[in-house]
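# Fold and contact review
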Amino acid sequence: MYKVLLVDDERIITDGMAKVIAWESIGTTLIGTARNGIEAFSVIEQKQPDIVISDIKMPGMNGLELVEKVNSVFPHIRFILLSGFSEFDYAKQAMAYGVKHYLLKPCNEHSIMDAVTELCEDLTQRLNREKFVQQMKGTLESVMPYAKEQMLKEIVTNQYENKDLDYYHKLFQLDLHSSKVRLVLFQLEGEFYFEHMFAIKNIAEHILASYILSCTVGETVLLLIEDDEDTLSLHSQIEKIKKTFFQYYQIDCTIAISEEGSICHANKLYKEALDCLSYRFYLNEGGIITTKDISNPYNLAEGDFYFDDQKFCRLVKSGSWEDVKNEISNFINHLIYLKLDIHTTKSYVIQLFNSMIRLCEAEQMNKYLGQLTVLLEMETIQTMKSFFESVAQEITSLFYNQNKKKHSAIINKVIEIIEKHMGNQHLSLHWVANEMLYMNADYLGKLFKKETGEKFSNYLTKQRIEMAIKLIEKENDVKVFEIAEKIGYGENPQYFSQVFKKHTGYTPSEYKKESLQGQ
C-alpha cells in the first residue's frame, strides 16, 4: 500500500476526499490530512508518505513552497496539485520538481483516483527498476567469474588444439568439446557504463539456451554458445535479450553473430564477429548482423564506383530540394547496396560533400569545411546521410531563394492572367506562354511547378472549381451550364460536372442542394 497525505486549508475539502475516495481499492492508504504547508511538512517528516495531494493556495506555506521544500529533502515523494483556474499557469513552476499531475478545482473523486492510480503505477515501476539494478550490482560484486572471462579471452585471441582445452575443461567443469560453436558479440549504443555491460551479459546468460561462456572485451560483450543449427530460435532469443535490456535501461544494442565452427578456431570466429559488427555502419545501430549481411556481391574496390557529382551540383544550384534529396538517397542507397570497405565509402561521401560546398561563397564554404571532421567520425551511414541532407538543404535553399527572386515576377504574371481570363475556354499553359508572355511553354511549366508546387493544369482546375463553388453559394438559382460558361467549360457542361465531382465528391446540382440544406 502506498501512503497518501491530503493538504488543503478548507477542511470540508480534505474531509470530503478522505471519506468519498476508496483509497484501498487503488492500492493506497490515507495516513492523514493537513491544513497548510507547514503542518504538512511536519507530517511528512514523521510519516514520509509516498504521495501528497495538495492545494496550491494556502496560508503560511503554499503548495509550491511545500513541493520545493519536500523535493530538497524527500525527492522520491510524488505530488498531485489542486488549483483554481487562475492559479493553473502558476502551477507549472512545479514542473522543475517533477510534478506532472494538476487537477483543476472543483474535481471529482474519479479524476483524483485516476491521478493517484497513475502515480502508484509509476512508483511500482521505479521500485521494480531499482530492485533489478540492485540485483545486477549484487551479482556483479559477488559472482562474476573473472577466471572464466580470462579463459574465453585467451581462446578467441589464440589458436588452440583440443588437447589444450582439456585443462580448462577440467578446471571449470565446462564442456569445451562441442562439435560446433558460435560467437555472439554485443555492442551497446550511446552512453553506457560497465554495469550496463554486465547487466546485458547476465540477461544473455539466462536467456540463451546454448550458452557456454561470456566475457567483456573492451566495450563489447562476447558470448560463446553451442550451435544447434536453429538460427530462427537463436535470433528470437537475441531479440528477447535486446527487449529485456532496453526495458530496464533504455539503451539499444547491436549484435554480431559469427558462422558456426570448432572451438579450436574461436579466434577466426571472433574476427568474423568483429567484421560483422563493423558493418553496423551500413545496417544501422540496434540490428542483428551475420556474415550474410556484409557480403559485397560485386567485390568492388575503390575506383570502381562512379557517381555524377556535376549533375548533383546542378540540381543543388537549381534550388530543387526534392530532386536533391532524391539524389542523396540514391547515392547513399547505392553505397549501402555495394557495401564497400567503410573507409572507401566514407571517401565517396566526403568527395560529393566537397563538390557541393564548393558551390558556396568562401565564408560559407569554410564553415562547412570545418564540419568535415564531424562527418568523418560518424559511426553509421545513416547519420552521415542525415548530416549531408541538412547541409544540402541549407545550400539548396540559398540557391532556391536566389532563383525565386528572378522568376517570381513571371509566375505572378501567370497567376494574374489566370484570374483575369478564367472564363476563356482556350486558357492553357501553351496559350499563356505563346499568346500572352511569348515564352517557351515547357520552360514556363517547369518554372510554374517549381514555384507553386503543382502543375499549371492542376492549379487552373482548382481555381475554376473554387470559383464554381463561390458562384453556387452566392447565387442559389444559378444553372450548371451558366457556371460552366463563366469558368471556361462553356462548350462542355457535362465534363465540368465530372471534374467538379472528382474534386468535391458532389455534382454541381448535389452540392447546390447540400448548400441550401445547410443554410
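Our structure's up above, just so we're on the same page.
Residues numbered from 1 in each chain as written. Predicted model: local features only at pLDDT ≥ 70, side-chain atom pairs only at ≥ 80, totals over all residues. Heavy atoms only, no water.

### A short note on the sheet that holds strand β3 (residues 51-55)
Heads up, the condition is: At least two DSSP bridges between two strands are needed for those strands to be called paired. Put simply, DSSP marks the helices as runs of H or I at least four residues long and the strands as runs of E at least two long, and each gets a number from the N terminus on. All axes are obtained by fitting lines to C-alpha atoms, using only the stretch in contact for helices, and the reported angles, taken between N-to-C directions, cover 0 to 180 degrees. Note on contacts: a residue pair is in contact if any heavy atoms of the two residues lie within 4.5 Å.
Taken in spatial order, the 5 strands of this open sheet run β2-β1-β3-β4-β5, and their pairing is parallel. Each having just a single partner strand, β2 (28-34) and β5 (101-104) make up the two edges of the open sheet. Ignoring strand direction, the axes of neighbouring strands in this sheet form an average angle of 20°. Lying over the sheet, helix α3 (residues 63-73) contacts β1 (2-7), β3 and β4 (78-83), oriented at roughly 170° with respect to β4.

### Observations concerning the sheet that holds strand β6 (residues 181-188)
With mixed pairing, the 5 strands of this open sheet are ordered in space as β7-β8-β6-β9-β10. The strands lining the two open edges of the sheet, one partner per strand, are β7 (211-217) and β10 (288-289). Looking at chain direction, β6 and strand β9 (residues 253-257) are connected through 5 bridges and run antiparallel. The residue bridging phenylalanine 186 from the neighbouring strand is isoleucine 255, located in β9. Against the sheet, helix α9 (residues 231-249) engages β6, β8 (220-226), β9 and β10, with an angle of about 160° to β9. Against the sheet, helix α10 (residues 266-278) makes contact with β6, β7, β8, β9 and β10, and its axis sits at roughly 35° relative to β6, the strand it touches most.

### Remarks on the packing of helix α12 (residues 309-318) against helix α14 (residues 342-357)
The cut-off we apply is this: Roughly parallel means an angle under 35 degrees; roughly antiparallel, over 145; roughly perpendicular, 65 to 115; everything else is oblique. Here is the rule for handedness: rotate from the far helix to the near one, and if that takes an anticlockwise turn smaller than a right angle the crossing is left-handed, while a clockwise turn gives right-handed.
Packing of α12 against α14 leaves a shortest axis separation of 10 Å and a crossing angle of 40°. Compared by their axis directions, α12 and α14 come out oblique. When you trace α12 past α14, the crossing you get is right-handed. Each of Asp309, Phe312, Cys313 and Val316 in α12 lies in contact with α14, whose residues at this interface are Leu352, Ser355 and Met356.

### Things to note about the packing of aromatic side chains
Here is the rule we go by: Each Phe, Tyr or Trp ring (for Trp, its six-membered ring) is paired with any other whose centre lies within 6.5 Å, and the angle between the two planes then decides the class: stacked below 30 degrees, edge-to-face above 60, tilted in between. Exposure categories follow from relative accessible area, calculated using a 1.4 Å probe and restricted to protein chains: below 20% of the type maximum is buried, above 50% is exposed, and the middle band is partly exposed. Here, a charge over a ring means that NZ of Lys or CZ of Arg falls within 6 Å of the ring centre while also lying within 35 degrees of the ring normal.
Scanning the model with the defined rule gives 14 aromatic pairs in all. Consider the rings of phenylalanine 353 and phenylalanine 388, whose centres lie 5.6 Å apart with planes at 80°: the pair is edge-to-face. Placement of the pair is phenylalanine 353 in helix α14 and phenylalanine 388 in helix α17 (residues 381-420), with a sequence separation of 35 residues. In this pair, the class of phenylalanine 353 matches that of phenylalanine 388, namely buried. Measuring from ring centre to ring centre gives 5.6 Å for phenylalanine 500 and tyrosine 511, while their planes differ by 80°; the resulting arrangement is edge-to-face. Residue phenylalanine 500 is located in helix α22 (residues 493-504), and its partner tyrosine 511 is located in helix α23 (residues 508-517); the two are separated by 11 residues in the primary sequence. The class for phenylalanine 500 is buried, based on a relative accessible area of 0%. Take tyrosine 511: its relative accessible area is 18%, and that puts it in the buried class. Within the aromatic cluster, the residues linked to one another by ring pairs are Tyr489, Tyr495, Phe496, Phe500, Tyr506 and Tyr511. The lysine or arginine in question, lysine 69, covers the ring of phenylalanine 41, its NZ or CZ lying 4.4 Å from the ring centre. Over the face of the ring belonging to tyrosine 489 we find arginine 464, whose NZ or CZ atom lies 5.3 Å from the ring centre.

### Let's talk about the environment of glutamine 247
Following the sequence through the fold, glutamine 247 ends up in helix α9. C-alpha of glutamine 247 to C-alpha of arginine 129: the two residues are 118 residues apart in sequence and 9.2 Å apart in space.

### As for the nonpolar core
Condition: Buried Ala, Val, Leu, Ile, Met, Phe, Trp, Tyr and Cys residues form a nonpolar core when they are joined through side-chain atoms within 4.5 Å.
Phe353, Met356, Phe388 and Ile395 are the most contacted members of the largest nonpolar core, which has 59 residues in total. The next biggest cluster of nonpolar side chains, apart from the first, holds 26 residues, and it includes Met197, Ala199, Ile207 and Ile225.

### Some words on unusual backbone geometry
A positive phi angle, near 40°, is found at glutamine 48, a position not held by glycine. Residue position: glutamine 48 is located in the loop between α2 (37-47) and β3. The backbone phi angle of tyrosine 438 is positive, close to 55°, even though this residue is not glycine. With respect to the helices and strands, the residue tyrosine 438 is situated in the loop between α18 (429-437) and α19 (441-452). We classify tyrosine 438 as exposed; its relative accessible area is 68%.

### Brief notes about the pattern of salt bridges
As a reminder, the rule being used: A pair is scored as a salt bridge if a Lys or Arg side-chain nitrogen falls within 4 Å of a carboxyl oxygen belonging to Asp or Glu.
The tally for this structure, following the rule as stated, stands at 12 salt bridges. Note that arginine 182 and glutamate 260 form a salt bridge whose closest N and O atoms lie 3.3 Å from each other. Highlighted residues: arginine 182 in strand β6 and glutamate 260 in the loop between β9 and α10, separated in sequence by 78 residues. Taking relative accessible area as the criterion, glutamate 260 reaches 32% and is therefore assigned partly exposed. Glutamate 394 is the partner of lysine 367 in a salt bridge, and the nearest nitrogen-oxygen pair spans 3.9 Å. Here the residue lysine 367 occupies a position in helix α15 (residues 362-369), and glutamate 394 occupies one in helix α17, the gap between them amounting to 27 residues. The structure contains a network of salt bridges with shared partners spanning Arg182, Asp227 and Glu260.

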